[in-house]
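Fold and geometry: a report
What follows is each chain in one-letter form.
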Amino acid sequence: MTSRANFPSGTCQIVGAFESPRRRAPNIHPFQIHSEVIAAALADAGIAPDEVDGFATAASFPAEAGWQLNAVEVAEYVGLRPRWICGTDIGGASALSHVGHAVAAIAAGLCEVVVISYAASGRSWPLPAPDFNSGPTGPGQYEVPYGISTISAYALAATRYMHRYGLRSEQLAQIAVQMRDYAHLNPEAMFRDPITVDDVLASTMISTPLRKLDCCVVSDSGGAVVVTSRERARDTRRGGPAVLGFGEAISQIQMNQMADLTTTSAEYSGQRAFASAGVGPDDIRVAQIYDSFTITVALTLETLGFVPRGEVGDFISGGGLGPTGRLPINTDGGGLSSNHSGRRGMYAVIEAVRQLRGESPGFQLDAPELCLVNGTGGWLSATATLILGAGR
Amino acid sequence: MMEMEAVLPVRDALSSIWFDAVAEGRLLVQRDPLTGKAQMYPRARVVGAPDREPEWVEASGRAKLYSFTVVKRSLHPQFAALTPFTLAIVELEEGPRLTSWIVDVPEDELRCDMDLVAVFRQIHPGLVMPCFTKP
């Protein structure tokens, strides 16, 4: 559809992937989970730990236990000695950025086997952590004193979208219901009992219009993927999906700086990913769309071009996200029901890999060729988009 | 212990100009001397044009409600006792948006794009901030 712009499309593959089955892990330090998932992802790939020469992670959130040099801390704990290291931190979308950056690094010859890992005790971390996107200094001193939080930031976007386009709470609720239906199929999902729209609407109102069941779960977990060159991938245990498209973009930290509360930066990260893969929304039949909250999904579907502006409510009501719908998403149950320990992006990438390998633990489509992954970090602050291809 | 300090503004030389005005009941915004475009939050330089310094101007206080959420539950110990409160993004007549509170407006009267005017309220002990209400 458009030219392949400045991304080495198809030169690398994700040859190993592992999502920790942990969901509640009190007293388990996140670095332990890094070790577990790195070992398992490398075993999945059939690559020995001493072959790893590139490493990426983001572990700066309090429940991730890293401090300023967090990627170095995790590498030290695990015992990695990479010649290429990446600590890009764009919140929940970080793992997608790490994959894109790893492909660029491998294509440039900086390294050949990259491990990307993530772990957090989002649920059980024993130390208090403020729920702010910034502190009351500099830009934050004009916003933090008013008590904004993650959910209220997303609620502001929801209110504006509903006002502008007429989306109803029961339509948002249907997103949570569909994710739970997929989680029901996934033995490792955090919550598996089916719910109804009425259940969502009857759940505790937290910050209007978002209720408790409009919010993702809060888990303790982790995951890792292994990225390597197409040449090296031939000699791995199972091979894996090719990275065809990638894009990333930033929006804002302070909510008063967001140009349009109904449009995320996926407008740009998505365009870049589609352009580099040489495909468009019509070519995608399954996707992993970051679902920190129901509204995150609604905004992203329109911003990526899967649904015309203002029509996402009807798309949801019409079953568009269901197993036989136009675009099944979050086929493992998503962050809303399966796993969200702080940065969902890693789990979204892993589920895309499983989907393209035909082994989703939730709802498996019949031999999909492509899977789009979109991560949203912070408070609609930044996005990254990947397009993976099964390459059968 | 340190909870309230964690949400109170840590003033610097630039922000003190704005907070000192707020304490006098005046709402300042900044303006690009070249294009006349207003900007908030306050910065040392014009957004996207760090070669220019903005000038301070007093805002009219008139605004429209861009978006809002009534916070019913808060995990912040500093804000849990204040619930419910109406968090908002307001769009000033001059163009920039502010994060703020809507005060003295019942929940069922809140509408995006409704007209608002600035009022100054003590939202924490010792901290007066601009809030907005019906004209």
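Heads up: these notes are all about the structure in this document.

So, how was this worked out
- Here the residue index of a chain counts from 1 through its sequence in written order.
- Key to labels: chains lettered from A, ligands numbered from 1, both in the order written.
- Per-residue local features are limited, in this predicted model, to residues with pLDDT of at least 70; the limit for side-chain atom pairs, both in listing and counting, is 80 or more; totals at the level of whole chains, interfaces and linings are taken over all residues.
- As a rule here, side-chain values come from all non-hydrogen atoms in the structure, and water together with hydrogens is ignored.
- Runs of E in the DSSP output that reach at least two residues are strands. Runs of H or I that reach at least four are helices, and both are numbered from the N terminus.
- Only protein chains enter the accessibility calculation, which uses a 1.4 Å probe; a residue is then buried when its area is under 20% of its type maximum, exposed when over 50%, and partly exposed in between.
- Residues are treated as being in contact if the distance between any of their heavy atoms lies within 4.5 Å.
- Only buried residues count toward a nonpolar core, which is a set of Ala, Val, Leu, Ile, Met, Phe, Trp, Tyr and Cys residues joined through side-chain atoms within 4.5 Å.
- The patches described consist of residues with a relative accessible area above 30% and no salt bridge, like charges being joined within 9 Å and nonpolar side chains (Val, Leu, Ile, Met, Phe, Trp, Tyr) within 5 Å.
- Computed with the Shrake-Rupley method and a 1.4 Å probe, the accessible areas treat only the protein chains shown as cover for residues.
- The working definition used for a salt bridge is a side-chain nitrogen of Lys or Arg within 4 Å of a carboxyl oxygen of Asp or Glu.
- Between any two strands, pairing holds if DSSP finds at least two bridges.
- To obtain each axis, a line is fitted to C-alpha atoms, and for helices this fit is confined to the stretch in contact; angles are then taken between N-to-C directions over 0 to 180 degrees.
- In this description, buried area is defined as the sum, over both parts, of the accessible area (probe of 1.4 Å) that is lost when the two are combined.
- The definition of a polar contact used here is a pair of N or O atoms within 3.5 Å, where within protein one atom must be able to donate a hydrogen and the other to accept one, and adjacent residues in sequence count solely through side-chain atom pairs.
- Residues are grouped as follows: nonpolar covers Ala, Val, Leu, Ile, Met, Phe, Trp, Tyr, Cys and Pro; charged covers Asp, Glu, Lys and Arg; every other residue, Gly included, is treated as polar.

**Focus on the side chain of T303(A)**
Residues and elements named next belong to chain A.
- Here T303 shows up in helix α9 (residues 294-303).
- On the basis of relative accessible area, T303 is assigned to the buried category, the value being 12%.
- Beyond its immediate sequence surroundings of up to four residues, T303 is in contact with T262, T263, T264, A266 and E267.

**Structural notes on the nonpolar core**
- In terms of nonpolar packing, the biggest core is built from 138 residues, with I295(A), L301(A) and F132(B) touching the most fellow members.
- Among the elements that take part in this core, helix α4 (residues 150-165) of chain A stands out by supplying nine residues, more than any other.
- Listed in part, the 24 residues of the second largest apolar core include V15(A), I33(A), V37(A) and A233(A).

**Quick word on a nonpolar patch on the surface**
All names here are of chain A.
- Residues L69, V72 and I85 make up a contiguous nonpolar surface patch of roughly 280 Å² in combined accessible area.
- Along the chain, I85 falls in strand β3 (residues 84-86).
- Judged by its relative accessible area of 44%, I85 falls in the partly exposed class.

**What about the sheet that holds strand β3 (residues 55-58) of chain B?**
Residues and elements named next belong to chain B.
- Strand order across the open sheet formed by three strands is β2-β1-β3, with antiparallel pairing between neighbours. Both outer strands of the open sheet, β2 (38-39) and β3, are each paired with one neighbouring strand and no more.
- As defined by bridge partners, strand β1 (residues 28-31) adjoins β3 across four bridges and the pair is classed as antiparallel. Considered in β3, the bridge of V29 is made with V57.
- Sitting on the sheet, helix α1 (residues 13-23) touches β1 and β3, and the angle it makes with β1 is about 135°.

**Thoughts on the interface of chain B and chain A**
- Counting from both sides, the interface comprises 43 residues of chain B and, opposite them, 35 residues of chain A.
- When the buried area of chain B at its contact with chain A is split by residue, Y41(B), H76(B) and T99(B) rank highest and sum to 20% of it.
- Here chain B is connected to chain A by one salt bridge.
- Salt-bridge contacts for R160(A) lead to D113(B); the nearest nitrogen and oxygen are separated by 3.0 Å.
- There are 25 residue pairs in polar contact (both at pLDDT 80 or more) connecting chain B and chain A.
- Counting only elements with at least two residues in the side of chain B that touches chain A, the list comes to α1, β4 (62-71), β5 (85-92), β6 (97-102), β7 (115-124) and β8 (127-133) of chain B.
- Classifying every residue of the side of chain B that touches chain A by side-chain character gives 27 nonpolar, seven polar and nine charged.

**Structural notes on the environment of V117(B)**
Residue and element names in this part refer to chain B.
- If you trace the backbone, V117 turns up in strand β7.
- Judged by its relative accessible area of 24%, V117 falls in the partly exposed class.
- Taking the C-alpha atoms as reference, V117 lies 6.2 Å from K134; in sequence the two are 17 residues apart.
- Apart from the residues lying within four places of it in its own chain, the contact partners of V117 are G61, R62, C131, F132, T133, K134 and P135.

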